[in-house]
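# Structural overview
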Amino acid sequence: MIRGIDVSSHQSTFDTDGLSFVFIKATEGRSYVNPRLTAQTKRARDAGCVVGFYHFLWPGNITAQAEYFVSKAPEKAGDLLAADWETTGEGTHASNAEKDKFIREVKRLRPNHRVLLYANKNYWQNIDTTSYAGDGLWIADYVTAGRPRIEADWKIHQYTDSPLDKNVADFASEASLREWATP
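If you're wondering where the values come from, they're calculated on a predicted model, not measured in any experiment. (Residues numbered from 1 in each chain as written. Predicted model: local features only at pLDDT ≥ 70, side-chain atom pairs only at ≥ 80, totals over all residues. Heavy atoms only, no water.)

Where helix 2 (residues 62-72) meets helix 3 (residues 96-109), the axes come as close as 9 Å, and the angle between the chain directions of the two elements is 40 degrees. Between helix 2 and helix 3, the angle is such that the two are oblique. Considering the relative orientation of helix 2 and helix 3, their crossing is right-handed. Residues Ile62, Thr63, Gln65, Ala66, Glu67, Phe69 and Val70 of helix 2 touch helix 3, and the partners they reach there are Glu98, Lys101, Phe102, Glu105, Val106 and Leu109. Taken together, the residues that form the contact of helix 2 with helix 3 break down as 7 nonpolar, 2 polar and 4 charged. (Axes fitted to C-alpha atoms, helices over the stretch in contact; angles between N-to-C directions. Helix = DSSP H or I, 4+ residues; strand = E, 2+ residues; numbered from the N terminus. Parallel < 35°, antiparallel > 145°, perpendicular 65-115°, else oblique. Left-handed = near helix turned anticlockwise from the far one by under 90°. Contact = heavy atoms within 4.5 Å. Nonpolar A, V, L, I, M, F, W, Y, C, P; charged D, E, K, R; others polar.)

Right under this line is the structure:
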């Protein structure tokens, strides 16, 4: 497995030593853009990492959210895209149909990019009813790296959030991740 992190505006800087990939929060809903998106993207690209961008999904206006996300997330061959499906600050979440529609719409708008679903173990096992994760599941379960407690096939495992979100990807090498990331 290879190692990576995911960051948002909460991380003013991050260390890329030993990392193969970095996911960066790009957008949320239809109005938020990570103010550190450009600098974080440059840092990850300069380090030679595979770069991914994620959108924190809100319920409602799914097509508009997908359009907003792809209009703000940088576009380079081999970049990964993800829908972050969890509880909003208002205690709501996108429905299964909305989650699926968002992933499909992003795939339509960016057909040459892999699109993943980020969900925690509880969402995947207790809220998800469709098992649709686009091109791959990015699962959050804070246990031993690479051993999430789910039965589903996964591509990325977020195994801790301390001191920041750390992940492993189920690829033998960074080269194999790069190959997969360019469909």
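Next comes the rest of the account.
Turning our attention to the pattern of salt bridges. Counted under the stated rule, the structure contains 11 salt bridges. Among the ionic pairs, aspartate 135 bridges to arginine 114, the shortest N-O distance being 3.9 Å. Note that aspartate 135 is positioned in the loop between helix 4 (121-127) and strand 7 (136-140) and arginine 114 in strand 6 (residues 114-120), a separation of 21 residues in sequence. The same class applies to aspartate 135 as to arginine 114, namely buried. The salt bridge partner of arginine 178 is glutamate 174, with a shortest N-O separation of 2.8 Å. Of this pair, arginine 178 and glutamate 174 both sit in helix 5 (residues 174-181), 4 residues apart, which is roughly one turn of the helix. The exposure class of arginine 178 is partly exposed, given its relative accessible area of 35%. A single salt-bridge network, built from bridges that share partners, covers Lys99, Asp100 and Asp128. (Salt bridge = Lys/Arg side-chain N within 4 Å of Asp/Glu carboxyl O. Buried < 20%, exposed > 50% of the residue type's maximum accessible area, 1.4 Å probe, protein only.)

Residues of helix 1 (residues 37-46) that are buried: Leu37, Gln40, Thr41 and Ala44. The buried residues of helix 1 all sit within an arc of 100 degrees when viewed along its axis, so they share a single face. Exposed side of helix 1, more than 90 degrees from the buried face: Thr38, Ala39, Lys42 and Asp46 are the residues found there. At its buried positions, helix 1 is contacted by strand 1 (2-7), strand 2 (21-28), strand 3 (32-33), strand 4 (50-56) and helix 2. Following helix 1 by one or two positions, glycine 48 adopts a phi angle in the positive range, close to 80 degrees. (Arc of directions from axis to C-beta.)

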